[in-house]
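Tertiary structure, described
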Amino acid sequence: MSTRAFITGVSGPELTAAEREFIGSERPWGFILFKRNIETPAQVTLLVSELREAVGNPDAPVLIDQEGGRVQRLGPPHWPVYPPGAVFGVLYDIDPALGLTAARLSARLMAADLTELGVTVDCLPLADVPVAGADAAIARAVTDGLEQGGILPVLKHIPGHGRATADTHFRLPEVDTSKTELERTDFAAFQPLADLPMAMTAHVVFSALDPAQPATTSATIIQQVIRGVIGFQGLLMSDDVSMNALAGSIAERTRAILTAGCDMVLHCNGKLDEMREVAAETPELSGMALERARRALASRAAPQAFDRLAARAELEALVDRARAAGA
């Protein structure tokens, strides 16, 4: 069945009649959940099922940002609190094996939570958070944990968000670091992860490469850096098109994202009028974008067996050690 090249959020914990009609007629490729969509495990499971039923695809990808630390869409009282990525960095400094083990265990446990709800994609790992010498290794451990739990990873924010000093929800960050230095540090952190099935762009201007457009809408950066220097050949989605870091109307932003070379437009805020604008400007998924989307979904494996209680106990012990070391 054909789908359009966008991923959409919805407004609340259950579908409205208007959202159901929109999804059925416009056929987004996938969906993304936020805290506004989440109340209880049973409610989330039902919402995920209803989203797939509305689009007519029982395998439609459902995404979430479940990172641990500050960014956790699932949380108490129904789901555990997971450690922030900085904990893994502290442990890595003590002993690299400890940091990697903790990162993998945390991701594996989060994957188990998501699988129970029917969610299939987590917008992790982050390769743009500066952890000296450990970025790619920790991101790979997170990826391994997710994939072992049957969850597809999304590498973000490519080609790098670590130097950004502005919140892209509100304004556009500009990085004036030289191309040579970016390639040596920021872009290099993504190269070992270029085989991941999906990635999300950064709403960041790299003035040494394209002073006019952020990476999300820069054909230069997508082709020369993301596809070129980094070598990423998977499905490339934008970060949220509704963020104020991008200029123009939602329709103009959508066109710019697709024209620049992104395969998929991500719209998150659940505002139906904006969702309609995105859909109106988004073509059916076809060509290389369709092939990348198929490859990404086909790469998802069934969850491997593991001892959840033992994994949680081991992770808690490692987190305690990191806190004792000053995390």
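Look above for the structure.
Predicted model, so just to flag it, every value in this text is computed and none were measured.

The next point concerns the overall build of the protein. A count of helical and extended segments in the protein gives 11 helices and 13 strands. Its C-alpha atoms give the protein a radius of gyration of 19 Å, near enough to 20 Å, the size a compact globule of 327 residues would have. Dimensions along the principal axes, computed over C-alpha positions, put the protein at roughly 50 × 50 × 35 Å. Long-range pairs, those at least 24 residues apart, make up 77% of the contacts in the protein between residues at least 6 apart in sequence. As presented, the protein carries roughly 13,200 Å² of accessible surface, and 52% of it is formed by carbon and sulfur atoms.

With that settled, consider the pattern of salt bridges. Taken as a whole and judged by the stated rule, the model has 13 salt bridges. With its nearest N and O atoms 2.7 Å apart, the salt bridge here joins Asp195 to Arg140. Residue Asp195 is found in the loop between α6 (179-184) and β10 (198-201), and its partner Arg140 is found in helix α5 (residues 135-148); the two are separated by 55 residues along the sequence. Residue class for Arg140 comes out partly exposed when judged on its relative accessible area of 24%. For Arg227, the salt bridge is made with Asp263, and the minimal N-O distance between the two is 3.0 Å. Taken together, the residues Arg227 in helix α7 (residues 219-229) and Asp263 in the loop between α8 (250-260) and β13 (264-267) connect sequence positions 36 residues apart. Given the relative accessible area of 6%, Asp263 is considered buried. When salt bridges that share partners are traced, they join Asp65, Glu67, Arg73 and Lys156 into one network.

Okay, the environment of Gly69 next. Residue placement: Gly69 occurs in the loop between β4 (66-68) and β5 (71-72). In the structure, Gly69 is positioned 21 residues away from Val48 in sequence and 24 Å away in space, judged by C-alpha atoms. Apart from the residues within four sequence positions on either side, Gly69 is in contact with Tyr82, Pro83 and Pro84.

Okay, the environment of Pro61 next. Relative to the elements of secondary structure, Pro61 occurs in the loop between α2 (41-55) and β3 (62-64). The spatial distance from the C-alpha of Pro61 to the C-alpha of Leu51 is 9.8 Å, given a sequence separation of 10 residues. When near neighbours in sequence (up to four residues on either side) are disregarded, Pro61 contacts Trp29, Gly30, Phe31, Thr120, Val121 and Leu297.

What follows concerns the sheet that holds strand β7 (residues 152-153). On the basis of which strands lie adjacent, the open sheet formed by nine strands has the order β7-β6-β3-β2-β1-β13-β12-β10-β8 and parallel pairing. Only two strands of the sheet have a single partner each, and these edge strands are β7 and β8 (155-158). Where strand β1 (residues 4-8) and β13 come together, three bridges link them in parallel fashion. The residue bridging Thr8 from the neighbouring strand is His267, located in β13.

Turning to unusual backbone geometry, a few remarks are in order. Note the cis peptide between Pro76 and Pro77, where omega equals 10 degrees. Turning to its location among the elements, Pro77 is positioned in the loop between β5 and α3 (85-94). Here Ile158 and Pro159 are connected by a cis peptide whose omega angle stands at 10 degrees. Assignment of secondary structure puts Pro159 in the loop between β8 and β9 (174-175).

This next bit is on α7. Looking at α7, one finds that the buried residues are Ile221, Ile222, Val225, Ile226 and Arg227. Mapping the buried residues of α7 onto a view down its axis gives an arc of 165 degrees, with all of them on the same face. Once α7 ends, the next one or two residues include Gly231, with phi positive near 85 degrees.

Within the largest apolar cluster, 81 residues are counted, with the highest numbers of intra-cluster contacts made by Ile23, Leu33, Ile158 and Phe206. At 10 residues, the largest contribution of residues to this core is made by helix α4 (residues 96-117). Sequence-distant contacts of Phe206, defined by excluding residues within four places in its chain, comprise Pro159, Gly160, Val175, Leu182, Phe187, Pro211, Ala215 and Ile221. Core analysis: the next-biggest nonpolar cluster, separate from the first, contains 21 residues, Ile7, Cys123, Val154 and Met198 among them.

Criteria and cut-off values
- Residues numbered from 1 in each chain as written.
- Predicted model: local features only at pLDDT ≥ 70, side-chain atom pairs only at ≥ 80, totals over all residues.
- Heavy atoms only, no water.
- Helix = DSSP H or I, 4+ residues; strand = E, 2+ residues; numbered from the N terminus.
- Rg over C-alpha atoms; globule rule 2.2 N^0.38 Å.
- Contact = heavy atoms within 4.5 Å.
- Areas by Shrake-Rupley, 256 points an atom, 1.4 Å probe, with all protein chains shown as cover.
- Salt bridge = Lys/Arg side-chain N within 4 Å of Asp/Glu carboxyl O.
- Buried < 20%, exposed > 50% of the residue type's maximum accessible area, 1.4 Å probe, protein only.
- Pairing = 2+ DSSP bridges.
- Arc of directions from axis to C-beta.
- Core = buried A, V, L, I, M, F, W, Y, C linked by side-chain atoms within 4.5 Å.

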